[in-house]
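Examining the three-dimensional arrangement
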Amino acid sequence: VNLAKKYGHVVDVFICHNSVIYDKLRLLFPDRLNDIFYLPHGVKVPATFRKPKEQNRPLQLLFLGRMATSKGVFDLPVISRHLRSLGVSFEWTCIGGGPELNKLKECWDPSDPVTFLTPATNEEVLSVCADKDVFVLPTKFEGSPVSLLETMSTGLVPVITDLPGGITDIVSSDIGYRIAIDDNESFARAIHALYSDPARLNRLSMHCRQKIVNEFNIVDTASKYHALFLRYKDFYREKEKQKKKVGARLDHPL
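Since the structure is predicted, the reported quantities are computational estimates derived from the model, not experimental observations.

Thresholds, definitions, all that
- Residues numbered from 1 in each chain as written.
- Predicted model: local features only at pLDDT ≥ 70, side-chain atom pairs only at ≥ 80, totals over all residues.
- Heavy atoms only, no water.
- Helix = DSSP H or I, 4+ residues; strand = E, 2+ residues; numbered from the N terminus.
- Buried < 20%, exposed > 50% of the residue type's maximum accessible area, 1.4 Å probe, protein only.
- Contact = heavy atoms within 4.5 Å.
- Areas by Shrake-Rupley, 256 points an atom, 1.4 Å probe, with all protein chains shown as cover.
- Lys, Arg positive; Asp, Glu negative; His and termini not counted.
- Charge placed at Lys NZ, Arg CZ, Asp CG, Glu CD.
- Phe/Tyr/Trp six-rings, centres within 6.5 Å; stacked < 30°, edge-to-face > 60°.
- Lys NZ or Arg CZ within 6 Å of the ring centre and 35° of its normal.
- Core = buried A, V, L, I, M, F, W, Y, C linked by side-chain atoms within 4.5 Å.
- Disulfide = S-S within 2.5 Å.
- 1 Å grid on protein atoms, 1.4 Å probe; cavity = no way out; pocket = protein on both sides within 12 Å on 5 of 7 lines; lining within 4 Å.
- Points joined across faces, edges and corners; volume = space filled by probe spheres on them.
- Patch = residues over 30% accessible without salt bridge, like charges linked within 9 Å, V, L, I, M, F, W, Y side chains within 5 Å.
- Salt bridge = Lys/Arg side-chain N within 4 Å of Asp/Glu carboxyl O.

**Re the overall build of the protein chain**
Helix and strand content of the protein chain: eleven helices and eight strands. Projected onto the principal axes, the alpha-carbon positions of the protein chain cover approximately 65 × 45 × 35 Å. Counting the 254 residues in the protein chain, one finds 43% classified as buried. When contacts within the protein chain are restricted to residue pairs at least 6 apart in sequence, long-range pairs at least 24 apart make up 66% of them. Accessible area of the protein chain: about 13,800 Å², with a carbon and sulfur share of 54%. For the protein chain, the separation between the mean place of its 34 positive charges and that of its 30 negative charges on side chains is 5 Å.

Listed below in structure tokens is the structure:
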């Protein structure tokens, strides 16, 4: 939004991935409402799809993302401890790399069943996802996480931080759970609720898959981008140069 304020005079069209930014830009540029578009991300809908949870199988939990503090990775072992106290039988799979990977591995209780994977291709990632039950993302900062769409496309039910943006657009009560930031006990209670009610887990799983098919299939979302790009002549405006200060004093020649 700050960049839009500063450089809006050279922008022909604003494309927003979530409704929060879309609404903010419409307030910021009330005279340019026809230049502001809400076009969500899309993902490929895979053929693989989660099977209903087997009765005696531990709940399969997945984290997919960069191994960094901002993604809430150090909350995962804490959530795990709460799950044990609630009597949940579970197994974790963590997919991704990043600067905190080794430190994260040291934080887990040795008795916790956790596997770390770095699949080589997106197809391999989705294949792993389809064998899980719940996508857990205690992130601290997000716009519109593609990992949320990808995991939902294979039928995983999200338990995710309640942050404004794409998360609030996508995750309603019939899709999964939005949890207050840093509230690890509530993360564990939501996961426990899914563990205790397999029928609800399976029902939400089907809703997740259907939402991606209906609203976030990349075949449909990409076509909307293409249609807008093909109208470039309708939106192109002559630009008036403005001298803008960029960077700090030491970024400029002295």
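**Observations regarding the packing of aromatic side chains**
Enumeration over the complete set of coordinates arrives at five aromatic pairs. Pairing phenylalanine 37 with phenylalanine 235 gives two aromatic rings, centres 5.5 Å apart and planes at 85 degrees, and the pair type is edge-to-face. You can see phenylalanine 37 sitting in strand 2 (residues 36-38) and its partner phenylalanine 235 sitting in helix 11 (residues 232-235), a full 198 residues away along the chain. A cation over a ring is seen here: arginine 32 above phenylalanine 29, with NZ or CZ 5.9 Å from the ring centre. The residue whose ring lies beneath lysine 105 is phenylalanine 116, and the NZ or CZ to ring-centre distance is 5.4 Å.

**Let's talk about helix 6 (residues 146-153)**
In an α-helix, one full turn covers 3.6 residues, which means residues spaced three or four apart are oriented alike. Along helix 6, seven of the eight residues are buried, which leaves the element largely enclosed by surrounding structure. Looking at helix 6, one finds that the buried residues are Ser147, Leu148, Leu149, Glu150, Thr151, Met152 and Ser153. The elements touched by buried residues of helix 6 are strand 3 (59-64), helix 5 (122-129), strand 6 (134-137), strand 7 (157-161), helix 7 (166-170) and helix 9 (198-215). Following helix 6 by one or two positions, glycine 155 adopts a phi angle in the positive range, close to 95 degrees.

**Let's talk about the nonpolar core**
The biggest cluster of nonpolar side chains holds 50 residues, and the ones touching the most others in it are Leu61, Leu83, Trp92, Val136 and Val159. Formed by seven residues, the second largest nonpolar core is a distinct cluster that contains Ala4, Phe14, Cys16 and Tyr22.

**Let's talk about unusual backbone geometry**
A positive phi angle, near 70 degrees, is found at aspartate 182, a position not held by glycine. The residue aspartate 182 is located in the loop between strand 8 (177-179) and helix 8 (184-196) in this model. The exposed category is assigned to aspartate 182, whose relative accessible area is 52%.

**A short note on the state of the cysteines**
Considering all chains together, one arrives at zero disulfides under this definition. Summary of cysteine pairing: cysteine 107 is not part of a disulfide, and the nearest cysteine sulfur, belonging to cysteine 94, is at 12 Å. Since its relative accessible area comes to 36%, cysteine 107 is described here as partly exposed.

**Quick look at empty space enclosed by the protein**
Under the criterion given, the structure shown has one cavity of 30 Å³ or more. Size it by volume and the largest cavity reaches roughly 40 Å³. Around the largest cavity, the lining residues are His17, Tyr38, Pro40, His41, Ser144, Leu149, Gly166, Asp169, Ile170 and Phe216. With three residues, helix 7 is the largest single contributor of residues to the lining of the largest cavity.

**A closer look at a positive patch on the surface**
There is a patch of like positive charges on the surface, built from Lys6, Lys244, Lys245 and Arg249. With respect to the helices and strands, the residue lysine 245 is situated in the segment after helix 11. Given the relative accessible area of 60%, lysine 245 is considered exposed.

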